Amino acid sequence: MNFKKLAIASAILSLALSACESSDEQKGASTAKVEKQTLTNVSYDPTRELYANYNEAFAKHWKEKTGKEVEITQSHGGSGKQALEVANGLEADVVTLALEFDVNAVRDAGLIEPGWVKEFPLNSSPYTSTIVFLVRKGNPKNLKDWGDLVKPGVGIITPNPKTSGGARWNYLAAWAWAEDQYKGDQEKAKDFVKKLYANVLVLASGARGSTTTFIENGQGDVLLSWENEAFLALKDYPNDYEIVIPSISILAEPSVAIVDKVVDKRGTRELATEYLNYLYSDEGQHIAAKNHYRPSNKEILAQYKEFDPNVNLISIERFGGWDKAQGTHFSNGGIFDQIYEKK
């Protein structure tokens, strides 16, 4: 036997096997990359903590269900501003915005199919909130209801309704109180809301910015706040603030939707659908409640005693729905533009 030839042949075979193994490893690495998916959720200001918790739980759920890993990217800001960013090219698989109108703005840009509001239960609103007053401990200005906010010397902090969804809920809650107070007289309601905004010290672009102005910068006597933002303030500063629930507030219904054009391009429709569906699961609902949002599941809602079940909540339908409310109050030249004088 020619041992030299055998050695050469053995070396060639070893190299060939090594090349095959290397190729298989590369294929395996390639497959691993495919198995890890990505999803982008463009949301509004106060959901940062909610989705930090939810994304962790969902990634675990997705891995158990599909064997795949998912990396979720979050974007936060004023809801109206976020909708505009998506409409102008910020690539989102899903949007979880403060109100239906902002999702409709993305729809009108051709990115979301008509009828999105019926794609998920309860008009695609997996959790709700409302608007409350956050005041400094002891409530030194004795602010109990909307009428107290127009008194001389009261400093109000609220975001800008032109960029913030929460600010539009604030405004409409005040308007609903004035309508009831003045028995439907629209001119008196308009005058009341004008006086209220005359007491506003700072209009931030989003709800979290207003919270920072009130808490960290120490400005104002009252923050018109999402309920969940107010609870977060109490959690972080239990001795400094208290919550006042006005006699009338509003049923704030944040909306969620798949951005159809993006998921079809990226191949993430199944992932995006499950991401939003899982918000309605028991785990998703408990995560919402623990982050101070009101779960849509009434049985789970009842387990959380921090939520006052007796709040008088006005529906957006009182204003004819969001398209009409937006056109009347917040469009260019609408009532807000007419009453608000920049300082």
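Remember, predicted model here, so these are calculated numbers, not experimental data.

(A) Quick peek at the pattern of salt bridges. All told, the structure shown has 20 salt bridges when counted by the stated rule. A salt bridge links D45 to R48; the shortest N-O distance between them is 2.8 Å. Since its relative accessible area comes to 8%, D45 is described here as buried. Taking relative accessible area as the criterion, R48 reaches 34% and is therefore assigned partly exposed. With a closest N to O distance of 3.3 Å, D148 and K151 form a salt bridge. By relative accessible area, D148 is classed as buried at 15%. On the accessibility criterion, K151 (36% relative accessible area) is partly exposed. Because the salt bridges share partners, they merge into one network encompassing E49, R208 and E229.

(B) Fine view of the side chain of N228. Summarising the element assignment, N228 is placed in helix α9 (residues 227-236). Note on N228: relative accessible area 0%, which makes it buried. Beyond its immediate sequence surroundings of up to four residues, N228 is in contact with P46, S129, N291, H292 and Y293.

(C) Up close: helix α12 (residues 282-290). All buried positions along α12 are accounted for by G284, Q285, I287, A288 and A289. Residues of α12 that are buried make contact with α2 (48-66), β4 (127-128), β12 (294-295) and α13 (298-301). The positive-phi residue at the C-terminal boundary of α12 is H292, with phi of around 75°.

(D) Representation of the sheet that holds strand β7 (residues 200-204) within the structure. In space, the 5 strands of this open sheet follow the order β7-β6-β8-β5-β9, with mixed pairing throughout. Both outer strands of the open sheet, β7 and β9 (241-244), are each paired with one neighbouring strand and no more. Neighbour-to-neighbour, the strand axes of this sheet turn through a mean angle of 30°, independent of strand direction. One ladder, built from 4 bridges, connects strand β5 (residues 131-136) with β9; its direction is antiparallel. Looking at β9, one finds that R136 is bridged to Y241. Packed onto the sheet, helix α7 (residues 186-198) meets β6 (156-159), β7 and β8 (222-226) and runs at close to 85° relative to β7.

(E) Representation of the packing of helix α8 (residues 207-215) against α9 within the structure. Remark: α8 packs on α9, axes separated minimally by 11 Å, with the N-to-C direction vectors making an angle of 35°. The chirality of how α8 crosses α9 is right-handed. Touching A207, R208, T211 and I215 of α8 are E229, L232 and A233, all from α9. Per-class residue counts for the contact of α8 with α9 are 4 nonpolar, 1 polar and 2 charged.

Each value, and the rule that gives it
Residues numbered from 1 in each chain as written. Predicted model: local features only at pLDDT ≥ 70, side-chain atom pairs only at ≥ 80, totals over all residues. Heavy atoms only, no water. Salt bridge = Lys/Arg side-chain N within 4 Å of Asp/Glu carboxyl O. Buried < 20%, exposed > 50% of the residue type's maximum accessible area, 1.4 Å probe, protein only. Helix = DSSP H or I, 4+ residues; strand = E, 2+ residues; numbered from the N terminus. Contact = heavy atoms within 4.5 Å. Pairing = 2+ DSSP bridges. Axes fitted to C-alpha atoms, helices over the stretch in contact; angles between N-to-C directions. Left-handed = near helix turned anticlockwise from the far one by under 90°. Nonpolar A, V, L, I, M, F, W, Y, C, P; charged D, E, K, R; others polar.

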